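Spelled out from the first residue to the last, the chains are:
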Amino acid sequence: MDVGKNLSNASRSLSNSSLKEKLSSLSVTPLKPITIHSNIEFAPARIPRKRRMQMLAVAAWSVAIALATVLFLLLCSVPSLWPFLAMYQIWIWIDQSPEHGGRTSRWFRELAFWKYFADYYPASLLKEADLPPDRPYVFGYHPHGATSYRGALATFATEATGFSAAFPGIKPHLLTLASNFRMPFYRDLILAMGVCSVSKQSCSNILKSGPGSAITIVVGGAAESLSAHPGTADLTLRKRLGFIKVAIRHGADLVPVFSFGENDIYEQMPNQPGTTIYTLQKKFQSVFGFTLPLFHGRGLLNYNIGLLPYRRRIVVVVGKPIHVEQCDKPDIQEVMRIQKMYIEELTRIWNCYKDQFAKARTRELSIIE
């Protein structure tokens, strides 16, 4: 019996010692730390107040439609406001201001907010020639950019770049889709900036309102936004004759405008014609009338991920006017003659300033459609 107990105790002590050795071998095995690699470039904590204000101005305008919609829905949750909101909705549908020159507010166009907005990029205006205020004008703006033509907004819808000082007596109206004037509150903001509908009737009403009246049309439209890649200048222009016909019918001088840097403020996914992405974008455009470029920019707190535009310089060059003789029913030969002059002037602007304002270009100006 004593021998059995001794064997039992020996085997028990052996198993205990072997277990300790195994545990000790585990305890000394070093653990490999898990590292997370990130390519996000964060902004420094300390940034001058002026740059913060510029960022907030651009961010606020980037979500202006969303903020206006949320505000309207919040007000709809208050039953006592329903009668006023109902009257406001009726007013939206019967208000003809978008078709008759808007409700421009000089005070609103001169707000410091817009100066911060323009200085963010920064956006500036370069004038090539005087524009006598004794006639109407049609400004053709190029290119559209990936989103809502930031240079055109800063130049023609605000006084941030000094448009009225550069062209005294000229009353500019930036034109946009009529659907924008169905959005509560947002419509009132853009009307105060002098923005109007791009409909044929709206163009006619503004140009007939007197000498110095001017409209700005972003000629390439939604189709051109799909070609807005940094370092490029691919314009949708060859088949766009409507704005030339409008100018001829009203005897309005045509003024080519090229915005250097407009295509550089966003990166866009590769979407060359023939790719699946491009096909889907074109189908979306045919159904809804506008398209959705797949783009990205920077964020509020970082430099490379987000939906805010990059800080890249925009220089809006307003070229020399092309004199147009008034004709109620211009023939196609006259329209094509004016278009040829227009394209030549636009090309001259590009060639004159590309080495100064488009140093990082990957290819030359191209008219793709």
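Residues numbered from 1 in each chain as written. Predicted model: local features only at pLDDT ≥ 70, side-chain atom pairs only at ≥ 80, totals over all residues. Heavy atoms only, no water.

(A) Representation of the nonpolar core. Counting residues in each nonpolar core, the largest one holds 50 residues, and the members touching the most others are W61, F117, F139, L174 and M193. At five residues, helix α2 (residues 49–62) tops the list of elements feeding residues into this core. With 37 residues, the next largest nonpolar core counts V138, A233, L241 and L254 among its residues. (Core = buried A, V, L, I, M, F, W, Y, C linked by side-chain atoms within 4.5 Å. Buried < 20%, exposed > 50% of the residue type's maximum accessible area, 1.4 Å probe, protein only. Helix = DSSP H or I, 4+ residues; strand = E, 2+ residues; numbered from the N terminus.)

(B) The UniProt feature "transmembrane region" (unreviewed entry) in the chain, seen in detail. With numbering aligned to this structure, UniProt lists the feature "transmembrane region" (unreviewed entry) at residues 56–82. Helix makes up 78% of residues 56–82 and strand makes up 0%, while its end C-alpha atoms are separated by 32 Å. (UniProt positions renumbered as here; feature names shortened; annotations may be inferred.)

(C) Region of interest: the environment of I40. Structurally, the position occupied by I40 is in the loop between α1 (2–27) and α2. I40 gets classed as partly exposed once you look at its relative accessible area, which sits at 34%. Considering only alpha carbons, one finds I40 and N302, 262 residues apart in sequence, at a separation of 6.8 Å. Those residues within four positions of I40 in sequence are excluded, and the remaining contacts are N302, N304 and I305. (Contact = heavy atoms within 4.5 Å.)

(D) The arrangement of the pairing of strand β10 (residues 314–318) in detail. Burial analysis of β10 places five of its five residues in the buried class, which makes it a mostly covered element. Burial of the side chains of β10 extends over both faces: I314, V316 and V318 are buried on one face and V315 and V317 on the other. Bridge count for strand β1 (residues 123–127) against β10 is five bridges, and the pairing is parallel. Among the inter-strand pairings, L125 is bridged to a residue of β10, identified as V316. (Pairing = 2+ DSSP bridges.)

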